[in-house]
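# Summary of structural features
Next come the chains, spelled out residue by residue.
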Amino acid sequence: MNIQRFIAPTSREALDKARAVFGEKTLILSNRPTPNGVEVMATAENALGNLDLGRKTSSSLMAAIQAREAEETRAPKQSPKPPMKMDALLQQIKPTVKADPRQSVAEDTEQLAMSTLSFQDYVRERMLRRRNEELSGELSPESMPSFARKNRLDAVRDNAAASSMPSVVKHNPLRGLAVELPAETPRKAAAPAAASPALMQELQTVKELIEDRFNTLTWMNQTRTNPLQSNLMLKLIRAGYSPALSRAMMERLPADVGPAEAMKWLVQVLERNLRTDSADAPIWDKGGIFALVGSTGVGKTTTAAKLAALCAAKHGPNSVGLITLDTYRVGGHEQLRAYGRMLGVVAHLAHDKAALQDLLSLLAGKKMVIIDTTGVAPRDPRKDDILQVLDLPGVERLLVANAGAHGDTLDEALAAFKREGCKQAILSKVDEAVKLAPALDALIRHQLVLRGITNGQRVPEDFARASANTLVATSMRAHTKSAFDPTSLDMDFYFTETSAGQAQGALHA
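Residue positions are given per chain, counting from 1 as you read along its sequence in written order. For a predicted model such as this one, the threshold for reporting local features is a pLDDT of at least 70, and the threshold for listing and counting side-chain atom pairs is 80 or more; totals across whole chains, interfaces and linings nevertheless cover every residue. Hydrogens are left out, water is left out, and the side-chain values use all remaining heavy atoms of the structure.

Only DSSP runs of H or I with at least four residues qualify as helices, and only runs of E with at least two residues qualify as strands; both kinds are numbered from the N terminus onward. Counting through the fold element by element, Thr34 comes out in strand β2 (residues 26–34). Note on definitions: a residue-residue contact is assigned when non-hydrogen atoms from the two residues lie within 4.5 Å. Once you skip the residues sitting within four places of it in the chain, Thr34 turns out to touch Ile7 and Glu39.

Take a look at the structure:
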């Protein structure tokens, strides 16, 4: 049997040397660190097959191996006596100390008297047994090395003793010290792997889709059994109200009502949820400091001139103050100054917050002060900087919204300026709006107080106070057919679940 020793600085280099000699079928017998590096004992795998031909382990060698293994794996006898004190235990253990391991090794050496051929037989026997066990997939206790079987028996005895006593005290006779071994803590079960966020999002999407489909089927079945709800829903959507608000009202429609009573109930719900100042004094009689804000081109300057004219007509020109912050638009200051000259009121220009504060102190005795601001889109990044100038005590922000704008545009504008502190609004260009329902729908859902409407360019004749009854009746009035009006066959597309918070907020049926 050709066994060679290879020494290298690292184990990888030693393995490369062995492979260079024996090829890919190199069999590593042992490896250990040495002062010069790593020592590897290797041979060829086919050498074991050559040894297996016609050779068997000698009977004397096998008997010696079995006797040695039986002596090492013999379990000590268990004493049924109760635990003894430490001193007595030490006295009892001392006479039973085993012989020096070096002495037993010497005796084994003399007994075995291994020659080179005997050592080769021993190695061949152990390697063949190990290879067969690896092929079978498990290691039997008989085939394990003696030290491994001894460690396993020690572990079994320790576990058995630990289950019967709260703590086990072992004594090492070589050291003469008692060591208290703590009880082993059971291993915690591995927590199941958390689901990935992408998977949870997909499951949530599927859940919402299934709920939408079931709600759609339920609503469609209800509309088929009750055609009145389908007809009222179609009328609201054709008028311009959003499907979310329309369905929220249909879900609260009383049962067993006729068409006339249902229509009357519907109009009353819209009037009750549209907040106006009709029960209070007009804005020009109540007075205060009002800053008109809104998108570009909604009519803020004209609305400011109308409010100033109404206050001047009732309380005199000296009761009105006009301030403009519009330094972006060409001719913005000149337009308000022209209106002021017509009313006998001086229009002032403020470039920054400090100038505005000085002008407000100068006009503190006026009954009504109107501030015209620069038009800014809801998504304009300059919006916050422009509106920050109005962060002064006593200044009320009044949103001017175009009644003829699309519903999504109105919804975005009201949501953006509502976050900036706007709680009241004025609808402008009502005369240009084909459908008034989208503007009323946005006001109802965002719960802004409507302080008035403008329906023309005349100053101040085309300004009127807001009346919920008149506005709702105008929005539900029959109008000409449009290509954007849905039909009864298109109503199934509107029967989806109402989004949380869109129409449920302050709707009082």
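So that's the structure; there's more coming.
Before going further, it helps to spend a moment on the pattern of salt bridges. Here, a salt bridge means any Lys or Arg side-chain nitrogen found within 4 Å of an Asp or Glu carboxyl oxygen. With the rule as written, the count across this model stands at 12 salt bridges. Measuring nitrogen to oxygen at the nearest pair gives 3.0 Å for the salt bridge that ties Glu39 to Arg32. Burial classes follow relative accessibility: with a 1.4 Å probe on protein chains only, a residue under 20% of its type's maximum area counts as buried, one over 50% as exposed, and anything between as partly exposed. By relative accessible area, Glu39 is classed as buried at 7%. A salt bridge links Asp384 to Lys383; the nearest nitrogen and oxygen atoms lie 3.4 Å apart. Among the residues examined, Lys383 registers a relative accessible area of 6% and is labelled buried. It is possible to trace a salt-bridge network through shared partners that takes in Arg5, Arg32 and Glu39.

What follows deals with the sheet that holds strand β9 (residues 368–372). A sheet is described by the order of its strands in space; here 8 strands give the open sequence β8-β7-β9-β6-β10-β11-β12-β13, paired in mixed fashion. Both edges of this open sheet fall to β8 (347–349) and β13 (463–464), since each of them pairs with a single strand only. DSSP-based pairing: two strands are paired if at least 2 bridges between them are found. Summarising the sheet, strand β11 (residues 424–428) and strand β12 (residues 449–454) pair through 4 bridges and their orientation is parallel. Counted as the bridge partner of Gln424 is Val449 from β12. On the sheet, helix α13 (residues 300–315) packs against β6 (288–293), β7 (320–324), β9, β10 (395–402), β11, β12 and β13 and is oriented at approximately 170° with respect to β9. Relative to β10, helix α17 (residues 407–419) is tilted by about 170°, and along the sheet it contacts β6 and β10. Orientation is described by lines fitted to C-alpha atoms, with helices fitted over the stretch in contact, and by angles between N-to-C directions that extend from 0 to 180 degrees.

Here we come to the nonpolar core. Formed by 61 residues in total, the largest nonpolar core has its most connected members in Tyr241, Ile323, Leu356, Ile371 and Leu427. Setting aside its immediate chain neighbours within four residues, Leu356 contacts Ile323, Leu325, Ala350, Ile371, Val389, Leu390 and Leu392. Among buried residues, the Ala, Val, Leu, Ile, Met, Phe, Trp, Tyr and Cys ones that are joined through side-chain atoms within 4.5 Å form a nonpolar core.

Our focus in this paragraph is a nonpolar patch on the surface. Nonpolar side chains (Val, Leu, Ile, Met, Phe, Trp, Tyr) are joined into patches within 5 Å and like charges within 9 Å, using only residues with over 30% relative accessible area and no salt bridge. Computed with a 1.4 Å probe, the accessible areas rest on the Shrake-Rupley method; for each residue, only the protein chains presented here act as cover. There is a patch of nonpolar side chains on the surface, built from Leu199, Met200 and Leu203 and spanning about 290 Å² of accessible area. Structurally, Leu203 can be placed in helix α8 (residues 197–225).

What follows concerns helix α14 (residues 332–343). Think of an α-helix as turning once every 3.6 residues; residues three or four places apart then point the same way. The end-to-end C-alpha distance of α14, which contains 12 residues, comes to 17 Å, matching closely the 16 Å that a straight helix rising 1.5 Å per residue would cover. Gly332, His333, Leu336, Tyr339 and Gly340 are the residues of α14 that are buried. Down the axis of α14, the buried side of the element spans an arc of 130°, and every buried residue falls inside it. In α14, the exposed positions angled more than 90 degrees off the buried face are occupied by Arg341 and Met342. Packed against the buried residues of α14 are α13, β7, β8 and β9. Gly344 sits one or two positions beyond α14 and adopts a positive phi of about 80°. Between the first and last residue of a helix there are one fewer steps than residues, each counted as 1.5 Å, and that sum is the expected span. Starting at the helix axis, one direction is taken to each C-beta atom, and the arc is that of these directions.

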